Amino acid sequence: MLLQVKNIESFYGLSKALSDVSLSIEEGEIVCVLGANGAGKSTLLKTIAGQVKPRNGQVVFRGKRIDQIEPHRIVREGVTLCPEDKKIFPQMSVFKNLYLGAWIYGKDKVRIEANIVDVYNLFPVLKERKNQDAGTLSGGEQQMLVIGRSLMSNPWLLMLDEPSLGLAPLMVERIFEVIRQINARRTTILLVEQNASIALNVANRGYIMEAGRITMEGASYELLNNEKVKKAYLGF
Amino acid sequence: MIALGLTLIYGVLQIPNFSHGALYMIGAYVAYFSIVSFGFPYWVGLITSVITLFCVGMFVERVAFRPLYDKPLINAFIVAVGLILIFENGALAIWGPEFRRLPAPSSAVIELSGAIITMQRIIVIAAALLLIAAVHFFVKKTRLGAAIEATAQNREGAQLMGINVYLMGGITFGIGTSLAAVAGVLIAPIFLIYPSMGVPVIGMAFVIMIVGGMGSFLGAVAGGYLIGLLETLVSSYITTYFTEVILFGLLVVVLAIKPTGLFGKGH
């Protein structure tokens, strides 16, 4: 088991955002979490990334409890989060954004160079724009930059929060194609999405969240064929 | 230089550090005592002061400001004002109210095409240019500098990269206060050292920072020269009584035309 979330309870401000949430991910899987706005999906990812501390419960990653350690240390454990609102460094070049993604490697230049070449192969457009300020990129390119930046630390687990948000359909397809490629190179992926059909298409398994609780879980094909899921999230 | 330190701290931590002037004063005192009481040469006194104030800065950030990061800004405001009282009255209680003069490292006087300048003033100007270049190099060209800049541009994003943003805040605060210390030590042979010497300076530094654009590095440098020049011109050609009126007038004009300051990015 790569990641185990056990009965966590988290608060967002004063309101309870997660109650008794448990999930587990095996190495090499793509797992998605679906749910409406405000169901607590982002809070779940933030809790795993250490940005929100759970009041109860545990997060265990590769056999080690990570729920009480600081966010910047969790990156070193091998978990990175691509946040929903991107959080790029707008007045820095694309190259420097990527370079900072490999912060945990310190001055290991060989490693950093190799990772940057890898990211450029995955997203050739970033190479074209490497000297441009990140803030001048289009929404889709920024999304690529955020994913690329997260890959710079070679995470065991990559968490993506709404990677399709605000992107044109063609760009969404492109991003999900890359998510598949990343997974094929043995990075485990935890994906949070509102776009249920595309998420279930790429994922092996899925969880459904409603009002801070997990209400359903199963293999993607089971969820795709489930009447309730069809009605609530797939729109037919 | 003071405005530069202030800008650095504001840019990364979003703290308007009103106690910066008091830290400048402490920097001057530290140098004074290491030079006059312990008999160190001027340059050793300068370095002692810089190192001491770097540590003081990190300590102040850790103890006074870090617990307030997630709180409303007004808390940091109040703490900064409180720190002025602590530092100034502390200095008054320990070192007394008397004015002290730090001997200049060189008393040479230079004649430059008719103008007479003391060596110390040339040192101040040269040091300011050197430090601006050094800080710029540090932020733009080093790994640690890049992490600090990243923290300033997107704190949460930096944290998600595994950067310890708290440590970056501390280091920035330390660098900012050491810049204040350098300013204090360099200016001490020209002016005098006394517990409230930071008061007129901090007001000016804030004017420079606001005119230049809050948190803008270039703005602090350009604003510094602009204000310095204006101050000199006004006091030598018009009157010394109105210097401040005109400076704050400039502030009002700049804010009216461009509310984010000359080089501000706006939010």
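Residues numbered from 1 in each chain as written. Chains lettered and ligands numbered in written order. Predicted model: local features only at pLDDT ≥ 70, side-chain atom pairs only at ≥ 80, totals over all residues. Heavy atoms only, no water.

Engineer: Explain the side chain of A:Thr43 here, please?
Structural biologist: Structurally, A:Thr43 is set in helix α1 (residues 41–49). When neighbours within four sequence positions are excluded, A:Thr43 is seen to be in contact with A:Ser10, A:Tyr12, A:Ala17, A:Leu18 and A:Val52. (Helix = DSSP H or I, 4+ residues; strand = E, 2+ residues; numbered from the N terminus. Contact = heavy atoms within 4.5 Å.)

Engineer: Quick question: what am I supposed to make of the sheet that holds strand β7 (residues 157–161) of chain A here?
Structural biologist: As a general point, the strands of a sheet are linked pairwise by backbone hydrogen bonds and lie either parallel or antiparallel. All names here are of chain A. Taking strand neighbours across the sheet as the criterion, the 6 strands line up as β6-β7-β8-β3-β9-β10 in an open arrangement whose pairing is mixed. A strand with exactly one partner marks an edge of an open sheet, and here the two such strands are β6 (79–82) and β10 (213–219). The average angle at which neighbouring strand axes cross in this sheet is 15°, direction not considered. Where β6 and β7 come together, 4 bridges link them in parallel fashion. Along β7, the bridge assignment pairs cysteine 82 with leucine 160. Packing against the sheet, α1 makes contact with β3 (30–35), β6, β7, β8 (188–193) and β9 (205–210), and its axis sits at approximately 150° to β7. (Pairing = 2+ DSSP bridges. Axes fitted to C-alpha atoms, helices over the stretch in contact; angles between N-to-C directions.)

Engineer: Would you mind showing me how to read helix α3 (residues 94–101) of chain A here?
Structural biologist: Note on helix geometry: an α-helix contains 3.6 residues per turn, so any two residues three or four positions apart are oriented the same way. Where burial is concerned, most of α3(A) is hidden: 6 out of the 8 residues are buried. Among all positions in α3(A), only A:Val94, A:Lys96, A:Asn97, A:Leu98, A:Leu100 and A:Gly101 are buried. Where α3(A) is buried, its residues contact α4 (109–122), α5 (124–128) and α6 (139–151) of chain A together with α5 (119–141) and α6 (143–153) of chain B. (Buried < 20%, exposed > 50% of the residue type's maximum accessible area, 1.4 Å probe, protein only.)

Engineer: Can you help me understand the sheet that holds strand β4 (residues 56–61) of chain A in this one?
Structural biologist: All names here are of chain A. Judged by pairing direction, the sheet is antiparallel, and its 4 strands sit side by side in the order β2-β1-β4-β5 without closing on themselves. Every other strand in the sheet has two partners, leaving β2 (15–25) and β5 (64–65) as the edge strands with one partner each. Pairing analysis gives 7 bridges linking strand β1 (residues 3–12) to β2, with the strands arranged antiparallel. Bridge pairing in β2 places valine 5 opposite leucine 23. Strands in contact with α1 are β1, β2 and β4; relative to β1, the strand with the most contacts, it is inclined by about 115°.

Function-wise, these values are silent; they only describe arrangement.
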